[in-house]
Amino acid sequence: MHDQTPSDLVAAMDPSRAAFHQDPYPVYAEARSGAPVAYVPSTGIWVISGSAEAEEALRDTQRFCNRYNLHSDYPLSDECLRVLENSHFTEQAIFNVDPPDHARMRGLLTPWFGRSNLSTKLPLIERVVGDLIDGFIDDGQVDLQARLAYPAPMTLVCNTLGVPVSDHMRLRELCDQWVALLALPLSDEDQIAAAHSVVELDAYCGQLLSTREQSPEDDIATELARSVRIGRATRGEAIAIIRFLLFAAHESTKNMIVHTVHNLLRDRPLWEAVVNDPALIPNALEEGLRFEPPIQGMTRQTTTEVTIGGVTIPPSARVHVIIGAVARDPARTPEPDRFDIGRPNGARHLAFGLGAHYCVGAPLARQVGRVVLEHLVARIPGLSLRKGFTPRFTQGGYIFHATWRSA
Ligand code: HEM
């Protein structure tokens, strides 16, 4: 059977609608029950929102490949493609590599993000978070995203990669442009501007590798430079990995922190429960990840014709597996639209993915989140939302649900 999604549901699933990116969950609820596998002609994307179908697709690396994950969701103009020829835009960077080569790529990174290496990072994480809070604690008010949730993970990823923290604002702007090119329908002009950002970003990452070839340090850039020298990775791959990590490591962690803190603060007794018992923090973070997964949809492409959930998807089709929809499935999570930090099995969410591509940085993200929350409840127990505060979500296609372009 081919897709027969009702036209009003298909229209509602257009991610460029403001109502969609402010609150996609009602649309996903309708899709999950009425059309768990649906084609959205306005985007040319197949959307998988059913839980069973999502798990099936994520586990099936044969029929749903990652190879095109760093290609844009939307057609790029010839001029944009010409600019991108000076970059490593679609080069292999783990997340867009399929088995068996995927194992080689993961092997380059997992030692850096394993638990034993992480324990050596704990004093640094504590210091970075402590210093950031020192910077605003006496101000009376703060933009928590700009002053803590963003710079804490960004400082740590810069440190692990070997990037000077002084460059982070520029790198963030460039990363935002790159990701917009991947996930959003941009005008021709904006595509070209974003393509120039990718070229600048890759030149920066290439320069970092060259510096580390000359002056090795204890960081990922040095390890990648060594991998290039011994033939374990190409230079283009090493550049693309650094670019991917720069974004992947800070953006989602920032969103995890802001979503969790916001949801605790908007239900005051929950915040007070965590202040009184910080042992609840890991649960609160897991519920934050379930309730508002920072990555809402994972990109895949079919390698062959696939029938899933009774719907046939053609070969070479662009697919998004919507874990944001799975997160609110009442069959998986009772009362899914309630933020509840007391759930048993709270970590049984898909926010870090599933199967071969499960997030390499999950332990680091959890550790950073835990330290941030611990410091906040201990040092600012009276923290509250600004009167009338409502989070403003920006357009993130099917991939993000975040305030990722604000300060
Ligand atoms: C709360 C924070 C984070 C969230 C929600 C998150 C989410 C995800 C998800 C959903 C995937 C799977 C993508 C797919 O299957 O297509 C993934 C992959 C990945 N993440 Fe994260 N991530 C977070 C933090 C981090 C951090 C801190 C790092 C860096 C150390 C990182 C590095 C990676 C890498 C390298 C992959 C690719 C893994 C592979 O393809 O084998 N992430 N992440």
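Everything that follows concerns the structure shown earlier in this document.
Only a predicted model underlies this, so the values are computations on that prediction, with no experimental measurement involved. All residue numbers refer to position in the chain's written sequence, counted from 1. In keeping with the predicted nature of the model, local features appear solely for residues at pLDDT of at least 70, side-chain atom pairs appear and are counted solely at 80 or more, and the whole-chain, interface and lining totals rest on all residues. To obtain the side-chain values, all non-hydrogen atoms of the structure were used and water was disregarded.

(A) Representation of the overall build of the protein. When you go through the protein residue by residue, the secondary structure sums to 17 helices and seven strands. Values of the radius of gyration come from C-alpha atoms, whereas the globule rule sets the reference at 2.2 Å times the count of residues to the power 0.38. Relative to the globule expectation of 22 Å for 407 residues, the C-alpha radius of gyration of the protein, 21 Å, shows essentially globular dimensions. Seen along its three principal axes, the alpha-carbon backbone of the protein occupies a region of about 60 × 55 × 40 Å. Pairs at least 24 apart in sequence give 74% of the contacts found in the protein among residues at least 6 apart. The Shrake-Rupley method, run with a 1.4 Å probe, gives the accessible areas here. Residue values count only the displayed protein chains as cover. Summing over all exposed atoms, the protein offers an accessible surface of approximately 16,700 Å²; the carbon and sulfur share of this is 53%. Runs of H or I in DSSP of at least four residues are treated as helices and runs of E of at least two as strands, each being numbered from the N terminus. Contacts are assigned to residue pairs with any non-hydrogen atoms lying within 4.5 Å of each other.

(B) Just the nonpolar core, in detail. Core analysis: the biggest nonpolar cluster contains 96 residues, and Trp 178, Leu 246, Leu 264, Val 372 and Leu 376 have the highest contact counts within it. Counting residues per element, this core draws most heavily on helix 13 (residues 235-265), at 16 residues. For the purposes of this section, nonpolar cores are sets of buried Ala, Val, Leu, Ile, Met, Phe, Trp, Tyr and Cys residues that join through side-chain atoms within 4.5 Å. We call a residue buried when its accessible area falls under 20% of the maximum for its residue type, exposed when it is over 50%, and partly exposed in between, using a 1.4 Å probe and counting protein chains only. Counting residues in hydrophobic clusters, the runner-up holds 19 residues, among them Ile 48, Leu 58, Met 298 and Ile 308.

(C) Seen up close, the packing of aromatic side chains. When the centres of two rings from Phe, Tyr and Trp lie within 6.5 Å, Trp using its six-membered ring, the rings pair. Their planes under 30 degrees apart give stacked, over 60 give edge-to-face, and anything left gives tilted. Under the criterion given, the structure shown has eight aromatic pairs. Chaining the aromatic ring pairs together yields one cluster made of Phe 20, Tyr 28 and Tyr 398. For a ring to carry a charge above it, either NZ of a lysine or CZ of an arginine must fall within 6 Å of the ring centroid while also lying within 35 degrees of the normal to the ring plane. Here the guanidinium or amino end of Arg 243 rests over the ring plane of Trp 178, the centre of that ring lying 4.8 Å away. When the ring centre of Tyr 25 is taken as origin, the NZ or CZ atom of Arg 328, which lies over that ring, is 3.7 Å away.

(D) A look at the side chain of Asp 329. Within the element layout of this structure, Asp 329 appears in the loop between helix 16 (323-327) and helix 17 (362-379). Positive: Lys, Arg. Negative: Asp, Glu. His and the chain ends are not part of the count. The salt bridge definition used is simple: a Lys or Arg side-chain nitrogen within 4 Å of an Asp or Glu carboxyl oxygen. At 4.0 Å, Arg 32 is the nearest oppositely charged side chain to Asp 329, a buried residue that forms no salt bridge. Contacts described as polar in this section are N or O atom pairs within 3.5 Å, which, within protein, must combine one atom able to donate a hydrogen with one able to accept it, while residues neighboring in sequence count only if both atoms come from side chains. A distance of 2.6 Å separates polar atoms of two side chains, one belonging to Asp 329 and the other to Ser 51.

(E) Main features of the pattern of salt bridges. Per the counting criterion, the structure on display carries 25 salt bridges. Salt-bridge contacts for Arg 318 lead to Asp 73; the nearest nitrogen and oxygen are separated by 2.7 Å. Taken as a pair, Arg 318 in strand 7 (residues 318-322) and Asp 73 in the loop between strand 3 (64-65) and helix 5 (78-84) lie far apart in primary sequence, 245 residues in all. The exposure class of Arg 318 is buried, given its relative accessible area of 11%. Overall, Asp 73 belongs to the buried group, its relative accessible area being 7%. Here Glu 335 ties to Arg 338 by a salt bridge, and the two come within 3.1 Å at their closest N and O atoms. The exposure class assigned to Glu 335 is exposed, which follows from its relative accessible area of 52%.

(F) Structural view of helix 11 (residues 188-214). Its 27 residues place the ends of helix 11 40 Å apart at the C-alpha level, agreeing with the 39 Å of an ideal helix rising 1.5 Å per residue. Looking only at helix 11, the buried set comprises Gln 191, Ala 194, Ala 195, Ser 197, Val 198, Leu 201, Asp 202, Cys 205, Gly 206, Leu 208, Leu 209 and Arg 212. Buried residues in helix 11 make contact with helix 5, helix 9 (151-161), helix 10 (168-183), helix 12 (220-229) and helix 13. Helix span, expected: 1.5 Å multiplied by one less than the number of residues in the helix.

(G) Expanded view of the sheet that holds strand 1 (residues 37-40). Strand order in the open sheet formed by five strands is 1-2-7-4-3, with mixed pairing between adjacent strands. The open sheet terminates on both sides in strands that have one partner only, identified here as strand 1 and strand 3. Whether two strands pair depends on DSSP finding at least two bridges between them. Here strand 3 pairs with strand 4 (residues 297-302) via two bridges, running antiparallel. In the sheet register, Cys 65 faces strand 4, and the bridge partner there is Gln 301.

(H) Focus on the coordination of the iron atom of the ligand. Any N, O or S atom lying within 2.8 Å of the metal counts as a donor, with the limit raised to 3.2 Å for Na, K and Ca; because water is left out of the atom set, some sites can appear incomplete. From the protein, the iron atom of the ligand takes a single donor atom, Cys 359 (SG), 2.3 Å away. With respect to the helices, strands and loops of the structure, Cys 359 is situated in the loop between helix 16 and helix 17.

(I) Focus on the site of the ligand. Any residue with at least one heavy atom within 4 Å of a molecule or strand is counted as near it. Taken together, 28 residues form the shell around the ligand, and within it His 102, Arg 106, Arg 300, His 357 and Cys 359 come nearest. With respect to the ligand, the side chain of Arg 106 contributes an N or O atom lying 2.7 Å from an oxygen atom. Between the ligand and the protein, one listed contact pairs an oxygen atom with a side-chain N or O atom of Arg 300 at 2.9 Å. Among the elements that make up the shell around the ligand, the one with the highest residue count is helix 13 (seven residues).

(J) Spotlight on the layout of surface pockets. Its volume calculated, the largest pocket comes out at about 1,100 Å³. Surrounding the largest pocket, 42 residues form its lining, Val 258, His 262, Leu 385, Phe 389 and Pro 391 being those nearest its centre. Per element, the largest residue contribution to the lining of the largest pocket is six residues, and it comes from helix 13. Grouping the constituent residues of the lining of the largest pocket by class yields 20 nonpolar, 13 polar and nine charged. Considering the residues around the second largest pocket, the lining is formed by Arg 290, Arg 332, Thr 333, Pro 334, Arg 343, Pro 344, Asn 345, Gly 346 and Arg 348. Method remark: on a 1 Å grid restricted to protein atoms, a set of points is classed as a cavity if a 1.4 Å probe fits but cannot get out and as a pocket if it is open with protein on both sides within 12 Å along at least five of seven lines; lining residues have an atom within 4 Å of a point. Grid points are joined across faces, edges and corners, and a volume is the space filled by probe spheres set on the points. When residues are sorted by character, Ala, Val, Leu, Ile, Met, Phe, Trp, Tyr, Cys and Pro go into the nonpolar class, Asp, Glu, Lys and Arg into the charged class, and all the rest, Gly among them, into the polar class.

(K) Main features of the environment of Ala 180. When you line up the elements, Ala 180 lands in helix 10. Sequence-wise, Ala 180 and Ala 38 are 142 residues apart; in three dimensions their C-alpha atoms are separated by 24 Å.

(L) Highlighting helix 14 (residues 268-276). Turning to helix 14, its buried residues are Leu 270, Trp 271 and Val 274. Each buried residue of helix 14 lies within a common arc of 100 degrees when the element is viewed along its axis, so the set occupies one face. The outward face of helix 14, more than 90 degrees from its buried face, is lined by the exposed residues Pro 269 and Asn 276. To obtain the arc, one takes the directions from the helix axis to the C-beta atoms.

(M) Expanded view of empty space enclosed by the protein. Taken as a whole, this structure holds four cavities of 30 Å³ or more when the rule is applied. In this structure, the largest cavity spans a volume of roughly 840 Å³. Lining the largest cavity are 40 residues, with Phe 95, Phe 244, Ala 248, Ile 295 and Cys 359 positioned closest to its centre. Sorting the residues of the lining of the largest cavity by element identifies helix 6 (101-113), helix 10, helix 13, strand 4 and helix 17 as the ones contributing at least two each. Of the residues forming the lining of the largest cavity, the biggest block, eight residues, is contributed by helix 13. Along its surface, the second largest cavity is lined by Leu 289, Arg 290, Pro 293, Ile 323, Val 326, Ala 327, Arg 332, Thr 333, Arg 348, His 349, Leu 350 and Ala 351.

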